[in-house]
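Each chain is listed here by its residues.
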Amino acid sequence: MATTPSMEDYIERIYALIDGKGYARVSDIAEALEVHPSSVTKMIQKLDKGKYVVYEKYRGFMLTPKGKKLGKRLVDRHALLEQFLSVIGVNEENIYEDVEGIEHHLSWDAIDRIGDLVQYFEETGKRVEELREVQRQNEEQSE
Ligand SMILES: [Mn+2]
């Protein structure tokens, strides 16, 4: 079963919640994603069918190994894209929303290539400095 952007958002958030405090309740997820708890319950059922989460009596639900693996990948992807936008000089205050807007729409190939680019820039501070210089020049020209 292919995951939809919405499923990815849930799995990403559930992974981050469990990673941070050991569990994820329906109410935590509803709050984090700003959705109604009934939507969360519906999605959990869908994720259960896809074998990403399991219900555990008294403990709520947990990620399966498959869900954990994907969750980690999604959280890492989000972090990489934030790093990418930061390296290319995007304003700090736009970064989170921008990442939320693009993260589900790139192939894993594109993600890996962006990873290469971030690595390229971060290998030496000089490369970032050169990019900033180009940006300064462009800005001057547009004034
Ligand atoms: Mn995200």
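Owing to the predicted nature of the structure, the values given are computational and were not obtained by experimental measurement.

Enquirer: Pulling in residues and values, what's your account of the overall build of the chain?
Expert: Scanning the chain from N- to C-terminus turns up seven helices and two strands. Starting at the N terminus, the α and β elements of the chain follow one another as α-α-α-β-β-α-α-α-α. Relative to the compact-globule value of 15 Å for 143 residues, the chain shows a C-alpha radius of gyration of 19 Å, a clear excess of over 25%. In terms of its C-alpha atoms, the chain occupies a principal-axis envelope of roughly 60 × 25 × 25 Å.

Enquirer: Break down the nonpolar core for me, citing the residues and quoting the values.
Expert: In this structure, Ile14, Ile29, Leu47 and Val53 are the most contacted members of the largest nonpolar core, which totals 21 residues. Elements supplying a minimum of two residues to this core: α1 (5-21), α2 (26-33), α3 (37-49), β2 (60-63) and α4 (65-87). Ranked by residues supplied to this core, first place goes to α1 with seven residues. Non-local contacts of Ile14, meaning those with residues more than four positions away in its chain, are made with Ala24, Ile29, Ile44, Leu47, Val53, Phe61 and Leu63. Phe84, Leu85, Ile95 and Val99 belong to the second-largest nonpolar core, a separate cluster that totals nine residues.

Enquirer: Tell me about the coordination of the manganese ion, and please be specific about residues and values.
Expert: The coordination sphere of the manganese ion, as far as protein atoms go, consists of Glu12 (OE), His78 (ND1), Glu100 (OE), Glu103 (OE) and Glu103 (OE), spread over 2.2 to 2.7 Å. In the primary sequence, the donor residues of the manganese ion line up as E-x65-H-x21-E-x2-E. Here His78 is found in helix α4, whereas its partner Glu100 is found in helix α5 (residues 92-102), with 22 residues between them in sequence. Just as His78 is buried, Glu100 falls in that class too.

Enquirer: I'd like a rundown of the domain arrangement of the chain, residues and numbers included.
Expert: What the domain assignment reports for the chain is domain 1 (5-70) and domain 2 (74-141). Distance from the C-alpha centre of domain 1 to the C-alpha centre of domain 2: 29 Å. The partner domain 2 presents nine residues to the nine residues of domain 1 that form the contact. Where domain 1 abuts domain 2, roughly 770 Å² becomes buried across the two surfaces, and 53% of that area is made up of carbon and sulfur atoms. Interface area lost by domain 1 to domain 2 is led by Glu8, Glu12 and Leu70, which between them contribute 60%. Its salt-bridge partner being Arg77, residue Glu8 comes within 2.8 Å of it at the nearest N-O pair.

Enquirer: Tell me about unusual backbone geometry, residues and numbers included.
Expert: Although it is not a glycine, Glu34 adopts a positive phi angle of roughly 55 degrees. Within the secondary structure, Glu34 is located in the loop between α2 and α3. Assessed through its relative accessible area of 72%, Glu34 is described here as exposed. With phi around 65 degrees, Lys51 is a residue other than glycine that occupies positive phi space. Here Lys51 shows up in the loop between α3 and β1 (53-56).

Enquirer: Explain the pattern of salt bridges to me, and be specific about the residues and the numbers.
Expert: As enumerated under the stated definition, the model contains 10 salt bridges in all. For Arg25, the salt bridge identified is with Asp28, shortest N-O distance 3.1 Å. Several salt bridges converge on common partners, so that one network encompasses Lys21, Arg25 and Asp28.

Enquirer: Give a detailed account of the UniProt feature "binding site: Mn(2+) 1" (unreviewed entry) in the chain, specifying residues and quantitative values.
Expert: Sequence positions flagged by UniProt for "binding site: Mn(2+) 1" (unreviewed entry) are, in local numbering, Asp9, Glu100, Glu103 and His104. A stretch of 96 residues holds the annotated residues, and the largest C-alpha distance among them is 9.6 Å, short enough that they meet in one place. If sequence neighbours within four positions are ignored, Asp9 has contacts with Leu33, Glu100, Glu103 and His104. Relative to the assigned elements, His104 resides in the loop between α5 and α6 (108-123). Of the polar contacts made by the side chain of His104, one reaches the side chain of Asp9; its length is 3.0 Å.

Each value, and the rule that gives it
- Residues numbered from 1 in each chain as written.
- Predicted model: local features only at pLDDT ≥ 70, side-chain atom pairs only at ≥ 80, totals over all residues.
- Heavy atoms only, no water.
- Helix = DSSP H or I, 4+ residues; strand = E, 2+ residues; numbered from the N terminus.
- Rg over C-alpha atoms; globule rule 2.2 N^0.38 Å.
- Core = buried A, V, L, I, M, F, W, Y, C linked by side-chain atoms within 4.5 Å.
- Buried < 20%, exposed > 50% of the residue type's maximum accessible area, 1.4 Å probe, protein only.
- Contact = heavy atoms within 4.5 Å.
- Donors = N, O, S within 2.8 Å, 3.2 Å for Na, K, Ca; no water.
- Domains from an automatic or database assignment.
- Buried area = accessible area lost by both parts, 1.4 Å probe.
- Salt bridge = Lys/Arg side-chain N within 4 Å of Asp/Glu carboxyl O.
- UniProt positions renumbered as here; feature names shortened; annotations may be inferred.
- Polar contact = N/O pair within 3.5 Å; in protein donor to acceptor, adjacent residues only side chain to side chain.

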